[in-house]
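# Chains, contacts and geometry: an overview
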Amino acid sequence: MNTPNPKTSWWLPPLIAGAALLAIWYAVIWFFQIPTYLLPKPHEVITALWRERTALIPAALHTGGSALVGFATAVASGALIALMLASSKWLKAALYPWVLVVQMVPVVVMVPIFVIWFHAGLRSITAIAFMISFFPVVASTTMGLVSTDRGLLELFTVLEATKSQEIFKLRLPYALPYFLSGVKIAATLAPIGAISGEFLAGTTPNSLGYLLLIYRSDPGKMPEVFAIALVACLLGFVFVGAVRWLSWVLLHQWHESEQSGE
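Residues numbered from 1 in each chain as written. Predicted model: local features only at pLDDT ≥ 70, side-chain atom pairs only at ≥ 80, totals over all residues. Heavy atoms only, no water.

### Re the nonpolar core
Of all hydrophobic cores here, the largest spans 16 residues; its most connected members are Phe71, Val75, Val137, Phe179, Val183 and Phe239. Among the secondary structure elements, those contributing two or more residues to this core are helix 4 (53-86), helix 7 (122-146), helix 9 (163-200) and helix 11 (222-251). With sequence-adjacent residues up to four places away left out, Phe179 is seen in contact with Val75, Ala79, Val137 and Thr141. Ala60, Leu208, Tyr215 and Ile228 belong to the second-largest nonpolar core, a separate cluster that totals 15 residues. (Core = buried A, V, L, I, M, F, W, Y, C linked by side-chain atoms within 4.5 Å. Buried < 20%, exposed > 50% of the residue type's maximum accessible area, 1.4 Å probe, protein only. Helix = DSSP H or I, 4+ residues; strand = E, 2+ residues; numbered from the N terminus. Contact = heavy atoms within 4.5 Å.)

This is how it looks when you write it as structure tokens:
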């Protein structure tokens, strides 16, 4: 019996699914006679992407920079807060619900607050990207830190390990896959937060949110709006791909999640 080729098995199913989705996209437009100003055809989106490349490339770099600042700040502060929460059951019980409260506040509610605090522009945008990326890091890392194997904890106790040895030699390595999982989720959210901030918090020129405001005012620019969505997806892939590579570097020699070959 023939077995799938591992060199093609990872990319072939997404390629087939993507082709099927494109076919459905064309079929829906053809069957319902949907005009371009409501739903452009895929080739029209690609054409708009190429036509507007001189505006979209610097805008993507600008938005990516804002997202990166918010993302990096969220990862660093989220990891520190998770370590603090996991170090004390009392702190976790007292503070974790408030972390949830902050996460549940809608972004559109926080936008005017951030604009008042930081003024419209880059600082407000990065604050929104930070807010939307922060919780997955805290939640996943805290889960990993408090889920350390009890047998290993008892072994460290028997060996009279200090609290710092327990944290840095046991809890942190054990929580690393959880942390990276949260970082991966945050990486998908950071570009969304940056574009939302540019769109809602007083955009700066040469950003994807700024272009979105311009294009949405013209019904004939619907392919360009979809092109911005495509660029945002590519930006998210860059973030997630970087985190995925980091995860492989840190885990492939010892953790099963990076040794399965999937």
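### Quick word on the environment of Pro58
By the element assignment, Pro58 lies in helix 4. Separated by 149 residues in the primary sequence, Pro58 and Ser207 place their C-alpha atoms 7.4 Å from one another. Not counting residues within four places of it along the chain, the set of residues in contact with Pro58 comprises Arg53 and Asn206.

### Focus on the side chain of Glu198
Position of Glu198 among the secondary structure elements: in helix 9. Buried and without a salt bridge, Glu198 has Arg216 as its closest oppositely charged side chain, separated by 13 Å. There is a polar contact of 2.8 Å between the side chain of Glu198 and the side chain of Thr63. (Lys, Arg positive; Asp, Glu negative; His and termini not counted. Salt bridge = Lys/Arg side-chain N within 4 Å of Asp/Glu carboxyl O. Polar contact = N/O pair within 3.5 Å; in protein donor to acceptor, adjacent residues only side chain to side chain.)

### Description of the environment of Ala229
Mapped onto the elements, Ala229 comes out in helix 11. The class of Ala229 is partly exposed, set by a relative accessible area of 40%. Placed 48 residues apart in sequence, Ala229 and Ser181 show a C-alpha to C-alpha distance of 25 Å.

### Here's the deal with the packing of helix 4 against helix 11
Put simply, helix 4 and helix 11 touch, their axes get as near as 11 Å, and they point 45° apart. Judged by the inter-axis angle, helix 4 sits oblique to helix 11. The crossing of helix 4 and helix 11 is right-handed. In this structure, helix 4 contributes Leu56, Ala60, Thr63, Gly64, Ala67, Leu68 and Phe71 to the contact, and helix 11 contributes Ala227, Ile228, Val231, Leu235, Phe239 and Val243. In terms of residue class, the contact of helix 4 with helix 11 is built from 11 nonpolar, two polar and no charged. (Axes fitted to C-alpha atoms, helices over the stretch in contact; angles between N-to-C directions. Parallel < 35°, antiparallel > 145°, perpendicular 65-115°, else oblique. Left-handed = near helix turned anticlockwise from the far one by under 90°. Nonpolar A, V, L, I, M, F, W, Y, C, P; charged D, E, K, R; others polar.)

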